[in-house]
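Overview (structure and organization)
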Amino acid sequence: MRVTTHQLTWQTHRLELGPKTRIMGILNVTPDSFSDGGQFYAIDTALAHAEKMIADGADIIDIGGESTRPFSEPVSTEEECRRVLPVIEQLAGRFDVPISIDTTKAAVARRAISDGASIINDISALRFDPEMGQVAAETGALVILMHMKGSPADMQVAPTYDDLIGEVSQFLADAIERAVSFGIEKSKIIIDPGIGFGKTVAHNLCLIQKLDEFQKLGVPVLLGSSRKAFIRKILAAGGSSEAPPAAPAIETGTQASITAGILNGAHIVRVHEVGNTAATVKIADAIKTACSSAAAS
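The structure contained in this document is the topic of the report that follows. Computed from a predicted structure; not experimentally measured.

**Here's the deal with the packing of helix H1 (residues 43–56) against helix H2 (residues 77–94)**
When two helices pack together, their arrangement is given by the angle between the helix axes and the distance between those axes. One can describe the packing of H1 onto H2 by two numbers: an axis separation of 10 Å at closest approach and a directional angle of 40 degrees. Between H1 and H2, the crossing angle belongs to the class labelled oblique. The way H1 lies across H2 gives a crossing that is right-handed. Taken together, the residues of H2 that come into contact with H1 (itself represented by Ile 43, Ala 46, Leu 47, Ala 50 and Ile 54) are Pro 86, Val 87, Gln 90, Leu 91 and Arg 94.

This is how it looks when you write it as structure tokens:
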């Protein structure tokens, strides 16, 4: 396959994407996230987990203070800041790894960046808060724009598409155009097709299979399939009970989806288990670049 490369340079950070797939480690500072809600809610356990993910090979730490699981309810700006800011401030003071703030609120993003974050991971693609684009442009942060059909409260209510890849591509193209209109440089934009956000099992599988279709948009592609419901549903098919998100079988399924994503063009993978993913990435990247390496030898 053709490996597309991108050089991300922002604030004091630089990442090369392409031959080496980058790993974003998930740190949910919430009591109710679908996979690990409450596990890292206390600041000491959150910092210890972040430190472990960095040691295991995380290139980015993504910190969220509001669950976006299906049918979840929003939290206030004040509560979200209370959850995430102490972790961001302490983490930024200890490590040079870029920190991403997973939020749809401009006020949260602005304060997070002031405390040391440098990436805004907005599942609404700048749609939910009209000031988010301005915050990103003014601070020079990287921006991750994700496709979602509806909102977390209703996105999984019978989602349908006439042309899945075409509709998601157009949504993301419009999101890029919207971001640029705010003054965000295109070289600071990453897109995410939104696995599990307004998609059926078949939709998710098709997006992973056709991930390279999004290369035409000219920006890096992030894949967030870790522990998602489509994996649990596939493994439960045939009468088996659905395993919990952190079960070993679900982790195996996650790594399979990550491998497929990398071989189909993912530049960044967003995951819960960084250590396992680092091994997966090493093998998948070796396969991805094997023919070009062999031709050069």
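**A short note on unusual backbone geometry**
Unlike most non-glycine residues, Ala 158 shows phi in positive territory, near 50 degrees. Of the residues examined, Ala 158 reaches a relative accessible area of 62% and is grouped as exposed. The residue Arg 227 is not glycine, and still its phi comes out positive at about 60 degrees. Secondary-structure assignment places Arg 227 in the loop between strand E9 (222–223) and helix H7 (229–236).

**Digging into the packing of aromatic side chains**
Summed over the entire model, instances satisfying the criterion amount to zero aromatic pairs. Sitting above the plane of the Tyr 161 ring, Lys 149 keeps its charged end 4.5 Å from the centroid.

**Observations concerning helix H6 (residues 201–209)**
Of all the positions in H6, only His 203, Asn 204, Leu 207 and Ile 208 are classed as buried. Around the axis of H6, the buried residues are gathered within 130 degrees of arc, so they sit on the same side. Turned more than 90 degrees away from the buried face of H6 sit Ala 202 and Gln 209, all of them exposed. Check the buried side of H6 and you find it contacts helix H5 (164–181), E9, H7 and helix H8 (248–263).

**Some words on the sheet that holds strand E10 (residues 268–271)**
A sheet is described by the order of its strands in space; here eight strands give the open sequence E8-E7-E6-E5-E4-E3-E10-E9, paired in parallel fashion. Of all strands in the sheet, those bounded by a partner on one side alone are strand E8 (189–192) and E9. Each of strand E3 (22–28) and E10 is contacted by helix H9 (residues 274–288), which is oriented at about 165 degrees to E3, the strand it contacts most.

**Topic: the nonpolar core**
Formed by 68 residues in total, the largest nonpolar core has its most connected members in Leu 27, Ile 61, Ile 63, Ile 120, Leu 145, Phe 214 and Val 269. Counting residues per element, this core draws most heavily on H5, at eight residues. The next biggest cluster of nonpolar side chains, apart from the first, holds twelve residues, and it includes Trp 10, Ile 119, Leu 222 and Ile 268.

**Some details on the pattern of salt bridges**
Considering all chains together, one arrives at 14 salt bridges under this definition. When the shortest N-O distance is used, the salt bridge between Glu 138 and Arg 110 registers 3.2 Å. In this pair, Glu 138 is assigned in helix H4 (residues 132–139) and Arg 110 in helix H3 (residues 106–114), connecting sequence segments 28 residues apart. Of the residues examined, Glu 138 reaches a relative accessible area of 49% and is grouped as partly exposed. For Arg 110, a relative accessible area of 38% puts it in the partly exposed group. Measuring nitrogen to oxygen at the nearest pair gives 3.2 Å for the salt bridge that ties Lys 288 to Asp 285.

**Focus: the pairing of strand E6 (residues 119–122)**
Where burial is concerned, the two faces of E6 agree: the one with Ile 119 and Asn 121 and the one with Ile 120 and Asp 122 are both buried. Note that strand E5 (residues 99–102) and E6 share three bridges and pair parallel. When the sheet's bridge partners are listed, Asp 102 is paired in E6 with Asn 121. One ladder, built from four bridges, connects E6 with strand E7 (residues 142–146); its direction is parallel. Opposite Ile 119, over in E7, you have Leu 142 as the bridge partner.

Rules of the game
- Residues numbered from 1 in each chain as written.
- Predicted model: local features only at pLDDT ≥ 70, side-chain atom pairs only at ≥ 80, totals over all residues.
- Heavy atoms only, no water.
- Axes fitted to C-alpha atoms, helices over the stretch in contact; angles between N-to-C directions.
- Helix = DSSP H or I, 4+ residues; strand = E, 2+ residues; numbered from the N terminus.
- Parallel < 35°, antiparallel > 145°, perpendicular 65-115°, else oblique.
- Left-handed = near helix turned anticlockwise from the far one by under 90°.
- Contact = heavy atoms within 4.5 Å.
- Buried < 20%, exposed > 50% of the residue type's maximum accessible area, 1.4 Å probe, protein only.
- Phe/Tyr/Trp six-rings, centres within 6.5 Å; stacked < 30°, edge-to-face > 60°.
- Lys NZ or Arg CZ within 6 Å of the ring centre and 35° of its normal.
- Arc of directions from axis to C-beta.
- Pairing = 2+ DSSP bridges.
- Core = buried A, V, L, I, M, F, W, Y, C linked by side-chain atoms within 4.5 Å.
- Salt bridge = Lys/Arg side-chain N within 4 Å of Asp/Glu carboxyl O.

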